[in-house]
Every structure is written in C-alpha cells, then in structure tokens.
Amino acid sequence: MKKKEKKQKITYIDDGRTIADMSNVSGGSRWYKQGTSSSFGDIWQTYWGATKMMIKPTLVAVGFIVAAFLIVSLLFWIM
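Reading guide: rules and limits
- Positions within a chain are numbered from 1, following the residues in the order the chain's sequence is written.
- Predicted model: local features are reported for residues with pLDDT of at least 70 only, side-chain atom pairs are reported and counted for 80 or more only, and whole-chain, interface and lining totals are derived from all residues.
- Water and hydrogen atoms were dropped before computing side-chain values, which therefore reflect all heavy atoms in the structure.
- Each helix corresponds to a stretch of at least 4 residues labelled H or I by DSSP, and each strand to a stretch of at least 2 residues labelled E; elements are numbered beginning at the N terminus.
- The method behind every accessible area is Shrake-Rupley, applied with a 1.4 Å probe, and residues are considered shielded solely by the protein chains displayed.
- To estimate how far a helix should reach, multiply one less than its number of residues by 1.5 Å.
- Each residue is assigned a bend, namely the angle between axes fitted to the seven residues that terminate at it and the seven residues that start at it.
- Any Phe, Tyr or Trp ring, taking Trp's six-membered ring, that has another such ring centre within 6.5 Å forms a pair; planes under 30 degrees apart are called stacked, those over 60 apart edge-to-face, and the others tilted.
- Accessibility here uses a 1.4 Å probe with only protein chains present; expressed as a share of the type maximum, an area under 20% marks a residue as buried, one over 50% as exposed, and anything in between as partly exposed.

Caption draft 1: Structural context of the overall build of the chain. Helices and strands together make up the secondary structure of the chain, namely 2 helices and 0 strands. Just so you have it, the chain exposes about 8900 Å², and 66% of that area is on carbon and sulfur atoms.

Caption draft 2: Main features of helix H2 (residues 40–78). Taking 1.5 Å per residue as the helical rise, H2 with its 39 residues ought to reach 57 Å, and the 55 Å between its terminal C-alpha atoms agrees with that figure. Its maximal kink placed at isoleucine 55, H2 deviates by approximately 35°, while the proline proline 57 follows within four residues.

Caption draft 3: Region of the structure containing the packing of aromatic side chains. Applying the stated criterion across every chain yields a total of 2 aromatic pairs. Ring centres 5.5 Å apart and planes at 40° place the aromatic pair tryptophan 44 and tyrosine 47 in the tilted group. With tryptophan 44 and tyrosine 47 both in helix H2 and 3 residues apart, this pair spans about one turn of that helix. Overall, tyrosine 47 belongs to the partly exposed group, its relative accessible area being 48%. Where tryptophan 44 meets tryptophan 48, the ring centres are 6.4 Å apart and the plane angle is 5°; that geometry is what we call stacked. Of this pair, tryptophan 44 and tryptophan 48 both sit in helix H2, 4 residues apart, roughly one helical turn. Residue class for tryptophan 44 comes out partly exposed when judged on its relative accessible area of 46%. On the accessibility criterion, tryptophan 48 (39% relative accessible area) is partly exposed.

So this is what it looks like as structure tokens:
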C-alpha cells in the first residue's frame, strides 16, 4: 500500500489590518486607465442593443411581481 503524503498546512498571520495592502500587485486589465478607442456611436449602439434585449424579460418579471402582489392583497382584503 502507498502511504499518503501529508499536505503542508498553511499558516495565516493576522497583522491586525482589515484590508490587505494590494498596492504592489501588478497585472490585470488596464483598459480603464488607457480609455477606449470606440466612438460614442459604437458605445451607444452597444448599450441600446443590450437594453432592447432586456426590455421584455424585465416587463415579464415586473408583471409576475405585480400579479403576486395583487393576489396576496386580494387574499388579505377578503379575509
């Protein structure tokens, strides 16, 4: 039989700070610092396309919430 190797236990050190210092961490996306090469029209078309896609699902969700509210209010109004 093979013996299982023990995993090395990780030791965490609490230095009393609530937030870790991330100032020396490098990498990641820097597009927010450099800006974008897209025109306002491209950005607007993307935004409006996404908004148009979500109008129907949003209305359906709001409809379900309104229907549930009306049913519950009618039940409590009758009692």
